Amino acid sequence: MKKINTVLGPISPEDLGLTLVHEHLAVSYAGWECDPLSRPYNREKMVRICLRALQPVKDYGLNSIIEATPADMNRDIDIMKEVSEKLQINIICSTGRYTEELGKWAYLKQRSQNKIGDMVQELYEGFMQEITRGIDLSGVKPGVIKVATGLNYISPIEEAVLKATARAGKETGLPLITHTENGTMGPEQAKLLIDEGVNPKRIMIGHMCGNSSLQYQLSVLSQGVNISFDRFGIELFLPDKVRTATLIGLLGLGYTDRIMLSHDFMACTSGRGGRLPEEVARTLTNWSFIHIFRNIIPALKQAGITDEQIRAMMIDNPRRLLGGE
Ligand SMILES: [Zn+2]
(Lines give C-alpha, C1' and ligand atoms only; values in the text may rest on other atoms or scores of the structure.)
Protein backbone atom coordinates (compact mmCIF):
# COMPACT_ATOMS: atom_id res chain seq x y z
CA MET A 1 0.00 0.00 0.00
CA LYS A 2 1.29 3.44 -0.85
CA LYS A 3 1.77 6.49 1.39
CA ILE A 4 -0.78 9.28 1.69
CA ASN A 5 0.43 12.88 1.32
CA THR A 6 -0.57 15.17 4.20
CA VAL A 7 0.44 18.81 4.65
CA LEU A 8 3.06 17.63 7.17
CA GLY A 9 4.41 14.84 4.95
CA PRO A 10 3.50 11.29 3.94
CA ILE A 11 1.71 8.90 6.31
CA SER A 12 0.73 5.24 6.12
CA PRO A 13 -2.91 4.58 5.19
CA GLU A 14 -3.40 2.74 8.53
CA ASP A 15 -2.63 6.02 10.31
CA LEU A 16 -5.52 7.86 8.67
CA GLY A 17 -8.21 6.83 11.17
CA LEU A 18 -11.56 8.60 11.45
CA THR A 19 -11.78 10.93 8.44
CA LEU A 20 -14.05 13.71 7.21
CA VAL A 21 -13.62 13.58 3.43
CA HIS A 22 -14.68 17.07 2.30
CA GLU A 23 -14.12 20.13 4.50
CA HIS A 24 -12.60 23.60 4.27
CA LEU A 25 -10.46 25.55 6.75
CA ALA A 26 -9.90 28.88 4.98
CA VAL A 27 -11.73 29.30 1.68
CA SER A 28 -12.90 32.32 -0.32
CA TYR A 29 -14.64 33.08 -3.56
CA ALA A 30 -12.42 34.80 -6.12
CA GLY A 31 -12.71 38.58 -6.08
CA TRP A 32 -12.60 39.23 -2.34
CA GLU A 33 -9.03 40.43 -2.79
CA CYS A 34 -10.28 43.21 -5.12
CA ASP A 35 -12.79 44.54 -2.57
CA PRO A 36 -11.26 47.61 -0.89
CA LEU A 37 -13.50 46.97 2.12
CA SER A 38 -12.27 43.39 2.68
CA ARG A 39 -10.91 42.81 6.18
CA PRO A 40 -7.13 42.52 6.33
CA TYR A 41 -5.98 38.92 5.78
CA ASN A 42 -5.17 37.83 9.32
CA ARG A 43 -3.69 34.34 9.23
CA GLU A 44 -3.19 34.09 12.99
CA LYS A 45 -6.82 34.90 13.64
CA MET A 46 -7.94 32.42 10.98
CA VAL A 47 -5.85 29.67 12.55
CA ARG A 48 -7.49 30.41 15.92
CA ILE A 49 -10.97 30.16 14.33
CA CYS A 50 -10.08 26.83 12.68
CA LEU A 51 -8.68 25.41 15.92
CA ARG A 52 -11.78 26.44 17.83
CA ALA A 53 -14.01 24.79 15.21
CA LEU A 54 -12.04 21.54 15.03
CA GLN A 55 -10.89 21.00 18.61
CA PRO A 56 -14.22 19.63 19.95
CA VAL A 57 -14.38 17.05 17.13
CA LYS A 58 -11.19 15.45 18.40
CA ASP A 59 -13.19 14.18 21.39
CA TYR A 60 -15.17 12.06 18.91
CA GLY A 61 -11.93 10.60 17.59
CA LEU A 62 -11.49 12.70 14.45
CA ASN A 63 -8.01 12.00 13.11
CA SER A 64 -7.93 13.30 9.51
CA ILE A 65 -9.67 15.66 7.12
CA ILE A 66 -9.51 16.11 3.39
CA GLU A 67 -9.25 19.88 2.82
CA ALA A 68 -11.05 20.17 -0.51
CA THR A 69 -10.17 23.79 -1.35
CA PRO A 70 -8.83 24.00 -4.91
CA ALA A 71 -6.14 26.42 -6.09
CA ASP A 72 -8.63 29.08 -7.23
CA MET A 73 -10.55 29.30 -3.93
CA ASN A 74 -7.81 30.88 -1.82
CA ARG A 75 -6.29 27.55 -0.70
CA ASP A 76 -4.00 28.44 2.23
CA ILE A 77 -1.36 25.77 2.91
CA ASP A 78 0.24 27.68 5.82
CA ILE A 79 -3.04 27.69 7.75
CA MET A 80 -3.49 23.96 7.09
CA LYS A 81 0.05 23.20 8.31
CA GLU A 82 -0.33 25.20 11.49
CA VAL A 83 -3.73 23.69 12.31
CA SER A 84 -2.41 20.19 11.61
CA GLU A 85 0.61 20.72 13.87
CA LYS A 86 -1.29 22.32 16.72
CA LEU A 87 -4.21 19.89 16.69
CA GLN A 88 -2.29 16.76 15.73
CA ILE A 89 -4.71 15.78 13.01
CA ASN A 90 -3.81 14.83 9.44
CA ILE A 91 -4.83 17.32 6.77
CA ILE A 92 -4.81 16.14 3.18
CA CYS A 93 -4.89 19.08 0.76
CA SER A 94 -6.01 19.26 -2.86
CA THR A 95 -4.70 20.23 -6.24
CA GLY A 96 -7.37 21.01 -8.85
CA ARG A 97 -9.88 23.64 -9.90
CA TYR A 98 -13.36 24.93 -9.15
CA THR A 99 -16.36 25.46 -11.47
CA GLU A 100 -16.18 27.75 -14.49
CA GLU A 101 -18.81 30.03 -12.96
CA LEU A 102 -17.00 30.61 -9.67
CA GLY A 103 -13.34 29.74 -10.32
CA LYS A 104 -10.49 31.87 -11.68
CA TRP A 105 -10.37 31.29 -15.41
CA ALA A 106 -9.43 34.55 -17.17
CA TYR A 107 -5.71 33.69 -17.43
CA LEU A 108 -6.13 30.24 -18.97
CA LYS A 109 -9.01 31.37 -21.20
CA GLN A 110 -6.85 34.15 -22.59
CA ARG A 111 -3.92 31.80 -23.26
CA SER A 112 -6.15 29.26 -24.94
CA GLN A 113 -8.06 31.86 -27.05
CA ASN A 114 -4.76 33.31 -28.31
CA LYS A 115 -3.51 29.78 -28.97
CA ILE A 116 -0.54 30.27 -26.64
CA GLY A 117 -1.30 27.04 -24.86
CA ASP A 118 -3.70 24.09 -24.91
CA MET A 119 -5.96 24.23 -21.86
CA VAL A 120 -6.04 20.50 -21.06
CA GLN A 121 -2.26 20.28 -21.40
CA GLU A 122 -1.58 23.38 -19.31
CA LEU A 123 -3.99 22.28 -16.57
CA TYR A 124 -2.43 18.82 -16.55
CA GLU A 125 1.08 20.27 -16.28
CA GLY A 126 -0.03 22.47 -13.39
CA PHE A 127 -1.57 19.57 -11.47
CA MET A 128 1.53 17.44 -12.09
CA GLN A 129 3.82 20.24 -10.90
CA GLU A 130 1.95 20.39 -7.58
CA ILE A 131 1.75 16.61 -7.20
CA THR A 132 5.39 15.90 -7.98
CA ARG A 133 7.19 19.05 -6.75
CA GLY A 134 4.76 20.51 -4.21
CA ILE A 135 2.48 23.53 -3.96
CA ASP A 136 4.20 26.90 -4.45
CA LEU A 137 7.35 27.00 -2.33
CA SER A 138 5.82 25.05 0.55
CA GLY A 139 6.95 21.68 -0.74
CA VAL A 140 3.58 20.34 0.45
CA LYS A 141 2.14 17.75 -1.91
CA PRO A 142 -1.60 17.28 -2.41
CA GLY A 143 -3.20 13.95 -1.53
CA VAL A 144 -6.24 14.36 -3.78
CA ILE A 145 -7.22 16.03 -7.05
CA LYS A 146 -10.37 18.16 -6.95
CA VAL A 147 -12.63 18.80 -9.92
CA ALA A 148 -15.95 20.63 -10.20
CA THR A 149 -18.85 21.07 -12.59
CA GLY A 150 -21.79 23.51 -12.70
CA LEU A 151 -25.54 23.16 -12.41
CA ASN A 152 -27.09 20.80 -15.00
CA TYR A 153 -24.15 21.36 -17.34
CA ILE A 154 -20.49 20.52 -17.87
CA SER A 155 -18.93 23.50 -19.64
CA PRO A 156 -16.07 23.03 -22.14
CA ILE A 157 -13.65 24.38 -19.52
CA GLU A 158 -14.95 21.98 -16.89
CA GLU A 159 -14.60 19.15 -19.40
CA ALA A 160 -10.98 20.22 -19.92
CA VAL A 161 -10.42 20.06 -16.15
CA LEU A 162 -12.01 16.61 -15.96
CA LYS A 163 -9.71 15.38 -18.75
CA ALA A 164 -6.60 16.97 -17.23
CA THR A 165 -7.34 15.61 -13.76
CA ALA A 166 -8.04 12.18 -15.24
CA ARG A 167 -4.58 12.16 -16.84
CA ALA A 168 -2.88 13.35 -13.65
CA GLY A 169 -4.86 10.87 -11.55
CA LYS A 170 -4.00 7.94 -13.80
CA GLU A 171 -0.31 8.78 -13.82
CA THR A 172 0.09 9.42 -10.11
CA GLY A 173 -2.55 7.15 -8.56
CA LEU A 174 -4.00 10.10 -6.62
CA PRO A 175 -7.77 9.90 -6.10
CA LEU A 176 -10.15 12.31 -7.78
CA ILE A 177 -12.79 13.99 -5.65
CA THR A 178 -15.51 16.05 -7.24
CA HIS A 179 -17.94 18.89 -6.65
CA THR A 180 -21.37 18.46 -8.21
CA GLU A 181 -23.78 21.40 -8.18
CA ASN A 182 -27.05 20.78 -6.32
CA GLY A 183 -27.22 17.09 -7.15
CA THR A 184 -26.63 17.31 -10.91
CA MET A 185 -24.06 15.85 -13.35
CA GLY A 186 -22.82 13.10 -11.02
CA PRO A 187 -23.42 10.30 -13.56
CA GLU A 188 -21.87 12.40 -16.35
CA GLN A 189 -18.76 13.16 -14.26
CA ALA A 190 -18.28 9.49 -13.42
CA LYS A 191 -18.71 8.42 -17.05
CA LEU A 192 -16.33 11.03 -18.41
CA LEU A 193 -13.58 10.18 -15.92
CA ILE A 194 -13.99 6.43 -16.47
CA ASP A 195 -14.01 6.94 -20.26
CA GLU A 196 -10.70 8.77 -19.82
CA GLY A 197 -9.32 5.61 -18.20
CA VAL A 198 -9.57 6.38 -14.47
CA ASN A 199 -10.17 3.40 -12.18
CA PRO A 200 -13.65 3.94 -10.66
CA LYS A 201 -12.25 2.99 -7.25
CA ARG A 202 -10.03 6.08 -7.40
CA ILE A 203 -13.04 8.40 -7.88
CA MET A 204 -15.30 9.94 -5.24
CA ILE A 205 -18.26 11.83 -6.72
CA GLY A 206 -19.05 14.60 -4.24
CA HIS A 207 -22.08 16.43 -2.89
CA MET A 208 -24.23 13.44 -3.86
CA CYS A 209 -26.50 14.11 -0.88
CA GLY A 210 -27.85 17.10 -2.83
CA ASN A 211 -30.12 14.75 -4.75
CA SER A 212 -32.64 12.54 -2.96
CA SER A 213 -33.56 10.48 -6.04
CA LEU A 214 -32.46 6.89 -5.52
CA GLN A 215 -32.42 6.50 -9.27
CA TYR A 216 -29.87 9.31 -9.53
CA GLN A 217 -27.78 7.71 -6.77
CA LEU A 218 -27.85 4.31 -8.49
CA SER A 219 -26.93 5.80 -11.86
CA VAL A 220 -23.68 6.94 -10.25
CA LEU A 221 -23.04 3.92 -8.00
CA SER A 222 -23.69 1.48 -10.85
CA GLN A 223 -20.53 2.84 -12.48
CA GLY A 224 -18.41 1.47 -9.64
CA VAL A 225 -17.30 4.79 -8.15
CA ASN A 226 -17.38 6.02 -4.54
CA ILE A 227 -19.71 8.80 -3.48
CA SER A 228 -19.77 11.27 -0.62
CA PHE A 229 -22.70 12.52 1.41
CA ASP A 230 -20.72 15.54 2.39
CA ARG A 231 -23.06 18.44 3.01
CA PHE A 232 -24.68 17.47 6.30
CA GLY A 233 -25.83 20.65 8.01
CA ILE A 234 -26.47 22.61 4.80
CA GLU A 235 -30.27 22.56 4.79
CA LEU A 236 -30.84 25.44 2.41
CA PHE A 237 -32.02 23.28 -0.50
CA LEU A 238 -32.58 19.94 1.20
CA PRO A 239 -33.25 19.00 4.84
CA ASP A 240 -30.84 16.63 6.57
CA LYS A 241 -33.74 14.25 7.19
CA VAL A 242 -33.99 13.67 3.44
CA ARG A 243 -30.20 13.24 3.18
CA THR A 244 -30.26 10.75 6.03
CA ALA A 245 -33.17 8.80 4.57
CA THR A 246 -31.44 8.57 1.17
CA LEU A 247 -28.26 7.40 2.89
CA ILE A 248 -30.12 4.76 4.91
CA GLY A 249 -31.71 3.51 1.68
CA LEU A 250 -28.33 3.12 -0.01
CA LEU A 251 -26.82 1.41 3.04
CA GLY A 252 -29.77 -0.96 3.04
CA LEU A 253 -29.08 -1.78 -0.60
CA GLY A 254 -25.53 -2.83 0.26
CA TYR A 255 -23.46 0.20 -0.78
CA THR A 256 -21.78 0.66 2.62
CA ASP A 257 -18.31 0.16 1.15
CA ARG A 258 -18.64 3.06 -1.28
CA ILE A 259 -20.08 5.92 0.75
CA MET A 260 -18.21 8.54 2.79
CA LEU A 261 -19.46 11.37 5.01
CA SER A 262 -18.61 15.02 5.60
CA HIS A 263 -20.03 18.55 6.02
CA ASP A 264 -18.35 20.77 3.37
CA PHE A 265 -17.98 23.18 6.30
CA MET A 266 -16.02 26.41 5.83
CA ALA A 267 -14.30 27.46 9.06
CA CYS A 268 -13.39 30.93 7.78
CA THR A 269 -13.81 33.05 4.69
CA SER A 270 -12.21 36.32 3.56
CA GLY A 271 -13.79 39.56 2.41
CA ARG A 272 -15.78 42.25 4.12
CA GLY A 273 -18.03 39.86 6.09
CA GLY A 274 -21.68 40.47 6.83
CA ARG A 275 -24.71 38.59 8.00
CA LEU A 276 -26.76 36.07 6.06
CA PRO A 277 -30.48 36.82 5.86
CA GLU A 278 -32.34 35.24 8.78
CA GLU A 279 -34.19 32.69 6.59
CA VAL A 280 -30.85 31.42 5.18
CA ALA A 281 -29.02 31.44 8.53
CA ARG A 282 -31.83 29.31 9.97
CA THR A 283 -31.05 26.55 7.46
CA LEU A 284 -27.39 26.42 8.58
CA THR A 285 -27.71 26.25 12.36
CA ASN A 286 -26.25 22.72 12.55
CA TRP A 287 -23.51 23.32 9.99
CA SER A 288 -20.13 22.65 11.67
CA PHE A 289 -17.36 20.02 11.82
CA ILE A 290 -19.14 18.22 14.66
CA HIS A 291 -22.69 17.79 13.34
CA ILE A 292 -22.23 14.27 11.92
CA PHE A 293 -20.82 12.99 15.21
CA ARG A 294 -23.33 14.74 17.42
CA ASN A 295 -26.53 14.31 15.38
CA ILE A 296 -26.25 12.26 12.19
CA ILE A 297 -24.49 9.14 13.51
CA PRO A 298 -26.99 8.82 16.41
CA ALA A 299 -29.85 9.16 13.88
CA LEU A 300 -28.29 6.46 11.69
CA LYS A 301 -27.90 4.14 14.66
CA GLN A 302 -31.49 4.69 15.64
CA ALA A 303 -32.45 3.53 12.16
CA GLY A 304 -30.49 0.32 12.63
CA ILE A 305 -27.23 1.24 10.92
CA THR A 306 -24.47 -0.70 12.68
CA ASP A 307 -21.18 0.47 14.19
CA GLU A 308 -19.42 -1.58 11.48
CA GLN A 309 -21.22 0.33 8.73
CA ILE A 310 -20.31 3.66 10.33
CA ARG A 311 -16.72 2.53 10.72
CA ALA A 312 -16.65 1.61 7.02
CA MET A 313 -17.89 5.06 5.94
CA MET A 314 -15.65 7.02 8.32
CA ILE A 315 -12.44 4.93 8.43
CA ASP A 316 -12.14 2.05 5.96
CA ASN A 317 -13.53 3.73 2.83
CA PRO A 318 -11.38 6.90 3.17
CA ARG A 319 -8.34 4.68 3.79
CA ARG A 320 -9.06 2.68 0.63
CA LEU A 321 -9.72 5.79 -1.47
CA LEU A 322 -6.61 7.65 -0.33
CA GLY A 323 -4.34 4.65 0.14
CA GLY A 324 -5.07 3.13 -3.25
CA GLU A 325 -6.17 -0.28 -1.99
ZN1 LIG B 1 -16.37 22.06 -0.74
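Calculation rules
Residues numbered from 1 in each chain as written. Predicted model: local features only at pLDDT ≥ 70, side-chain atom pairs only at ≥ 80, totals over all residues. Heavy atoms only, no water. Pairing = 2+ DSSP bridges. Helix = DSSP H or I, 4+ residues; strand = E, 2+ residues; numbered from the N terminus. Axes fitted to C-alpha atoms, helices over the stretch in contact; angles between N-to-C directions. Contact = heavy atoms within 4.5 Å. Buried < 20%, exposed > 50% of the residue type's maximum accessible area, 1.4 Å probe, protein only. Right-handed = clockwise from strand over helix to strand, strands pointing away. Parallel < 35°, antiparallel > 145°, perpendicular 65-115°, else oblique. Left-handed = near helix turned anticlockwise from the far one by under 90°. Nonpolar A, V, L, I, M, F, W, Y, C, P; charged D, E, K, R; others polar. Phe/Tyr/Trp six-rings, centres within 6.5 Å; stacked < 30°, edge-to-face > 60°. Lys NZ or Arg CZ within 6 Å of the ring centre and 35° of its normal. Core = buried A, V, L, I, M, F, W, Y, C linked by side-chain atoms within 4.5 Å. Donors = N, O, S within 2.8 Å, 3.2 Å for Na, K, Ca; no water.

## Overview of the sheet that holds strand β8 (residues 176–179)
Spatially, β6-β7-β8-β9-β10-β11 is the arrangement adopted by the 6 strands of the open sheet, whose pairing is parallel. Of all the strands in the sheet, just β6 (94–96) and β11 (259–261) have a single pairing partner and so form its edges. The mean angle between the axes of side-by-side strands here comes to 30°, regardless of whether they run parallel or antiparallel. Across the sheet, helix α6 (residues 186–195) is in contact with β7 (144–148), β8 and β9 (203–205); its angle to β9 comes to roughly 165°.

## Quick notes on the pairing of β8
Here β8 shows a buried face lined by Leu-176 and Thr-178 and a second buried face lined by Ile-177 and His-179. Across 4 bridges, the pairing between β7 and β8 is parallel. From the neighbouring strand, Val-147 faces β8, where its bridge partner is Thr-178. With respect to chirality, the unit in which β7 leads through helix α5 (residues 156–172) into the neighbouring parallel β8 is right-handed. As a crossover connection, the stretch from β8 through α6 into β9 is right-handed.

## With respect to the packing of helix α1 (residues 43–58) against helix α2 (residues 77–87)
Running from amino to carboxyl end, α1 crosses α2 at an angle of 45°, the nearest separation of the two axes being 10 Å. It follows from the interaxial angle that α1 and α2 lie oblique. Of the two possible hands of crossing, α1 and α2 adopt the one that is right-handed. In this structure, α1 uses Arg-43, Met-46, Val-47, Cys-50, Leu-51, Leu-54, Gln-55 and Lys-58 to contact α2, whose residues at the interface are Asp-78, Ile-79, Glu-82, Val-83, Lys-86 and Leu-87. Tallied by class, the residues present in the contact of α1 with α2 amount to 8 nonpolar, 1 polar and 5 charged.

## With respect to the packing of aromatic side chains
The tally for this structure, following the rule as stated, stands at 4 aromatic pairs. With a centroid separation of 5.0 Å and an interplanar angle of 85°, the aromatic rings of Phe-265 and Trp-287 are classed as edge-to-face. Taken together, the residues span a long stretch of sequence, with Phe-265 in the loop between β11 and β12 (266–268) and Trp-287 in the loop between α9 (278–281) and α10 (291–302) at a distance of 22 residues. The residues Phe-265 and Trp-287 share a single accessibility class, namely buried. One aromatic cluster is present, formed by Phe-265, Trp-287 and Phe-289 through successive ring pairs. Looking at Arg-97, its charged tip hangs above the ring of Trp-105, at a distance of 4.6 Å from the centre. Arg-167 extends its terminal NZ or CZ atom over the ring of Tyr-124, reaching a point 3.9 Å from the ring centre.

## A few points about the pairing of β7
In terms of burial, β7 is largely enclosed, as 5 of its 5 residues are buried. The alternating pattern of β7 places Val-144, Lys-146 and Ala-148 on one face and Ile-145 and Val-147 on the opposite face, and all of these are buried. Inspection of the sheet shows β6 paired to β7 by 3 bridges, in the parallel sense. Bridging across to β7, Thr-95 finds its partner in Ile-145.

## So, the nonpolar core
Ranked by internal contacts, the top residues of the largest apolar core, which has 85 residues, are Val-83, Phe-229, Ile-259 and Leu-261. Excluding its chain neighbours within four sequence positions, the residues that come into contact with Leu-261 are Thr-19, Leu-20, Val-21, Phe-229, Phe-232, Leu-247, Ile-292, Leu-300, Met-313 and Met-314. In this structure, Ile-11, Leu-16, Ile-66 and Ala-68 belong to the second largest nonpolar core, which totals 13 residues.

## Notes on the coordination of the zinc ion
Protein-derived ligands of the zinc ion are His-22 (NE2), His-24 (NE2) and Asp-264 (OD), with the metal-ligand distances lying across 2.1 Å. Counting along the primary sequence, the residues that act as donors to the zinc ion give the motif H-x1-H-x239-D. Residue His-22 is found in strand β3 (residues 18–26), and its partner Asp-264 is found in the loop between β11 and β12; the two are separated by 242 residues along the sequence. Judged by its relative accessible area of 3%, Asp-264 falls in the buried class.

## Some thoughts on the sheet that holds strand β4 (residues 62–67)
Read from one edge of the open sheet, 4 strands run β5-β4-β3-β12, paired in parallel fashion. Two strands in the sheet have a free side with no partner beyond their single neighbour: β5 (90–92) and β12. Strand-to-strand twist of the sheet, defined as the mean angle between neighbouring strand axes without regard to direction, takes the value 35°. Here β4 runs beside β5; their pairing, made up of 3 bridges, is parallel. By the bridge assignment for β5, Ile-65 is matched with Ile-91. The strands touched by helix α11 (residues 307–323) within the sheet are β3, β4 and β5, with β3 carrying the most contacts at an inclination of about 70°.

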